[in-house]
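So you can see what is in the structure, the chains are spelled out below.
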Amino acid sequence: MPPRLNHRKSSKGCIRCKKRKVKCDESHPECRRCLQHGVSCEYPPFQPRRWASAKRAMAHHASPDTSERLQCIGSSFMKITDVLLMHHYVTETTGTMSSSLDPTVKEMWCIAVPQMAFEEHGLLHTLLAIAAAHRATLIPSESVRLHIIHQTHMDLALQRHQMMVVDVSENGAPISDTLCLNSILISLYVLGLRSMKRDRPYELPMQWLYLSRGIRVLMRQAFYRLLDSGTRIQPLLAASAKMLPSEIELNMSDEALFDFLLESAVPGRFIQLLSEKKPRALVILAYHFALVHCVQNIWFLSGIPAQEVRGINNILPPKWKWAMTWPLRVTDGRKMDIGELATVN
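Residues numbered from 1 in each chain as written. Predicted model: local features only at pLDDT ≥ 70, side-chain atom pairs only at ≥ 80, totals over all residues. Heavy atoms only, no water.

As named in an unreviewed UniProt entry, the chain is Zn(2)-C6 fungal-type domain-containing protein, taken from Aspergillus oryzae.

Right under this line is the structure:
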């Protein structure tokens, strides 16, 4: 019997060529050999190779280490979108997180905070939510998609954050720098979202105020311990300490001073008066946002002071409108010395 001619096997040849074990040119609808012999040409049904079967075969023949790596890759925590958001946070968002010129503060946001986030996934979800929300303000064409993304990440962040808070309150776990930082970032995220709701009827920022109140409780217990422990957020805590008014420092100890600032920042009674829409409390909040208006390049404050001042002015009783002259002028970009308030009536 003469030896068979060597040829490449056809994996997609017609049924007749496969039975005859000859090379099929796989022409459609009929191959060349079937045409030459004047016979009907039929091809088997197409059956795509399934990735799952190939994956099982690879896992079967792979070493244990290889199987673990494949499983790790398949269940990778960060997806491509998340990697892009982290890149956006590091390259874009960090430059808008603080107005401080201290290089250690900028380094903290850019290097230390992402490192902390990779150690605690709750904080990582918060960073990704903030990055997505920030990117949505820069690229309106992607805002719908990014809105879904940042809400999803924030939902996951809040779930993990709640677990950490319960661990502290019920199990006596120490208040970590990660928990404090995550609380602050969630509060800033909530405040930043208000700029995306400008077309809705105005509502007071009660959720943000309640979150700020919760941060006060955490920081009261952990501020000085963290400040002295070499925490990675020490530049942020130190920068906050430098902002303390010098005239108060002369009359108070550090502990009493910090308590004073926390109490004066968001007192519980003040939040209650705001919830009742008491005019005097509303005016005080408007002045707070007017003073914040001078802070530039902070993305989560973009447009917020003017929006809040106008909203408060709209819900104030007419006889209190006079008290809004200075906040309205400041947030509208008109210069007015605070001494002029004495002449406003």
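This is not the end of the story, as more comes after the structure.
(A) Highlighting the overall build of the chain. A tally of helices and strands in the chain yields 17 helices and zero strands. Classification of the 345 residues of the chain by burial places 38% in the buried group. By sequence separation, contacts in the chain at least 24 residues apart represent 61% of the contacts at least 6 residues apart. (Helix = DSSP H or I, 4+ residues; strand = E, 2+ residues; numbered from the N terminus. Buried < 20%, exposed > 50% of the residue type's maximum accessible area, 1.4 Å probe, protein only. Contact = heavy atoms within 4.5 Å.)

(B) Summary view of the packing of helix α5 (residues 80-91) against helix α6 (residues 103-119). Relative to each other, α5 and α6 sit at 150°, their axes nearing to 9 Å. Regarding the angle of α5 to α6, the classification is roughly antiparallel. Crossing handedness for the pair α5 and α6: right-handed. Touching Met86, Tyr89 and Val90 of α5 are Trp109, Cys110, Val113, Pro114 and Phe118, all from α6. In terms of residue class, the contact of α5 with α6 is built from eight nonpolar, no polar and no charged. (Axes fitted to C-alpha atoms, helices over the stretch in contact; angles between N-to-C directions. Parallel < 35°, antiparallel > 145°, perpendicular 65-115°, else oblique. Left-handed = near helix turned anticlockwise from the far one by under 90°. Nonpolar A, V, L, I, M, F, W, Y, C, P; charged D, E, K, R; others polar.)

(C) Highlighting the pattern of salt bridges. Under the counting rule described, the total for this entry stands at five salt bridges. Between Glu142 and Arg135 there is a salt bridge, with its nearest N and O atoms 3.5 Å apart. Residue class for Glu142 comes out partly exposed when judged on its relative accessible area of 22%. Overall, the relative accessible area of 26% leaves Arg135 in the partly exposed class. (Salt bridge = Lys/Arg side-chain N within 4 Å of Asp/Glu carboxyl O.)

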